[in-house]
Amino acid sequence: MKNTKPKIFKRFCKTMELRQDSALIDTYRKIHARGAAWPEITQGMKEVGILEMEIYLLGTRLFMIMDTEVEFDHDKAMAELGSKPRQSEWEAYVSQFQNAATEASADQKWQLMEQIYKME
């Protein structure tokens, strides 16, 4: 399948901790495997301007790379995403794996990282 992401985009990197529980981490991997995420969640991300998203795991540390449309307004888009169908249900479901308050929104759990280096 051909990648259709534009050459000009915004990139956001975020991080979050999972609970120190190998069974929960294995399940978290499974619910994020290709095709396993709820389709409404992926559709909602696309609708707010997220072009691509990848999540990496090291121990309990998650690292997300999120590429968006150039005009993407992070705060506005995250608020809109939170109101999408099944988003609050998804957040409640995945909270069991995450080392964060159960009632926290995705934007409160995932912390934006500061870029300090870019190879030129």
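Up top is the structure these notes are about.
The residue count restarts for each chain, going from 1 along the sequence in the order it is written. Predicted model: local features are reported for residues with pLDDT of at least 70 only, side-chain atom pairs are reported and counted for 80 or more only, and whole-chain, interface and lining totals are derived from all residues. Side-chain metrics in this entry use all non-hydrogen atoms of the structure; hydrogen atoms and water are not considered.

Before going further, it helps to examine the overall build of the protein chain. Summing up its helical and strand segments, the protein chain has five helices and four strands in all. Only DSSP runs of H or I covering at least 4 residues are called helices, and only runs of E covering at least 2 are called strands; the numbering of each starts at the N terminus. In the protein chain, the succession of helices and strands from N to C terminus is β-α-α-β-β-α-α-α-β. At 15 Å, the protein chain has a C-alpha radius of gyration in line with the 14 Å of a compact globule built from 120 residues. With the C-alpha coordinates aligned to their principal axes, the bounding extent of the protein chain is approximately 40 × 35 × 30 Å. Residues classed as buried in the protein chain amount to 32% of the 120 residues present. Contact between two residues is taken to exist if any of their heavy atoms lie within 4.5 Å; hydrogens are not considered. Taking the intrachain contacts of the protein chain between residues at least 6 apart in sequence as the baseline, contacts between residues at least 24 apart amount to 71%. Each accessible area is a Shrake-Rupley estimate made with a 1.4 Å probe; only the visible protein chains count as cover when residues are assessed. Accessible area for the protein chain stands at about 8,300 Å²; split by element, carbon and sulfur atoms hold 53% of it. Residues scored as charged are limited to Lys and Arg (positive) and Asp and Glu (negative), so that His and the chain ends carry no count. The atoms used to mark charge sites are NZ of Lys, CZ of Arg, CG of Asp and CD of Glu. The averaged location of the 19 negative side-chain charges in the protein chain is 5 Å from the averaged location of its 17 positive side-chain charges. To get the radius of gyration, use the C-alpha atoms; to get the globule rule, take the number of residues to the power 0.38 and multiply by 2.2 Å. Only protein chains enter the area calculation, which uses a 1.4 Å probe; residues under 20% of their type maximum are buried, those over 50% are exposed, and those in between are partly exposed.

What follows deals with the nonpolar core. What is meant by a nonpolar core is a set of buried Ala, Val, Leu, Ile, Met, Phe, Trp, Tyr and Cys residues, joined one to another through side-chain atoms within 4.5 Å. In this structure, Tyr28, Ile50, Met66, Phe72 and Met78 are the most contacted members of the largest nonpolar core, which totals 22 residues. At the level of secondary structure, the elements contributing two or more residues to this core comprise strand S1 (10-17), helix H1 (22-31), helix H2 (39-47), strand S3 (61-68), helix H3 (74-82) and helix H4 (87-94). With near-sequence residues (within four places) excluded, Met78 lies in contact with Lys14, Ile50, Met66, Phe72 and Asp107.

Another aspect to go through is the pattern of salt bridges. In what follows, salt bridge is the name for a side-chain nitrogen of Lys or Arg lying within 4 Å of a carboxyl oxygen of Asp or Glu. Evaluation of the coordinates by the stated rule reveals eight salt bridges. Its salt-bridge partner being Glu47, residue Lys84 comes within 2.7 Å of it at the nearest N-O pair. Placement of Lys84 in the loop between H3 and H4 and of Glu47 in helix H2 is noted, with a sequence separation of 37 residues between them. Under the relative-accessibility criterion, Lys84 is labelled buried at 16%. The partly exposed category is assigned to Glu47, whose relative accessible area is 44%.

This brings us to a nonpolar patch on the surface. Residues Ile116, Tyr117 and Met119 make up a contiguous nonpolar surface patch of about 470 Å² in total accessible area. Its location among the elements puts Met119 in the segment after strand S4 (111-112). According to the relative accessible area criterion, Met119 is exposed, its value standing at 68%. Residues enter patches when they are more than 30% accessible in relative terms and free of salt bridges; like-charged ones are connected within 9 Å and nonpolar ones (Val, Leu, Ile, Met, Phe, Trp, Tyr) within 5 Å.

Attention shifts here to H2. Among the residues of H2, Ile41, Gly44 and Met45 are the ones counted as buried. Buried residues of H2, viewed axially, fall in a sector of 100°; they line one side. Relative to its buried face, H2 has exposed residues pointing more than 90 degrees away, namely Pro39 and Lys46. Packed against the buried residues of H2 are strand S2 (50-58), H3 and H4. Directions drawn from the helix axis to the C-beta atoms are what define this arc.

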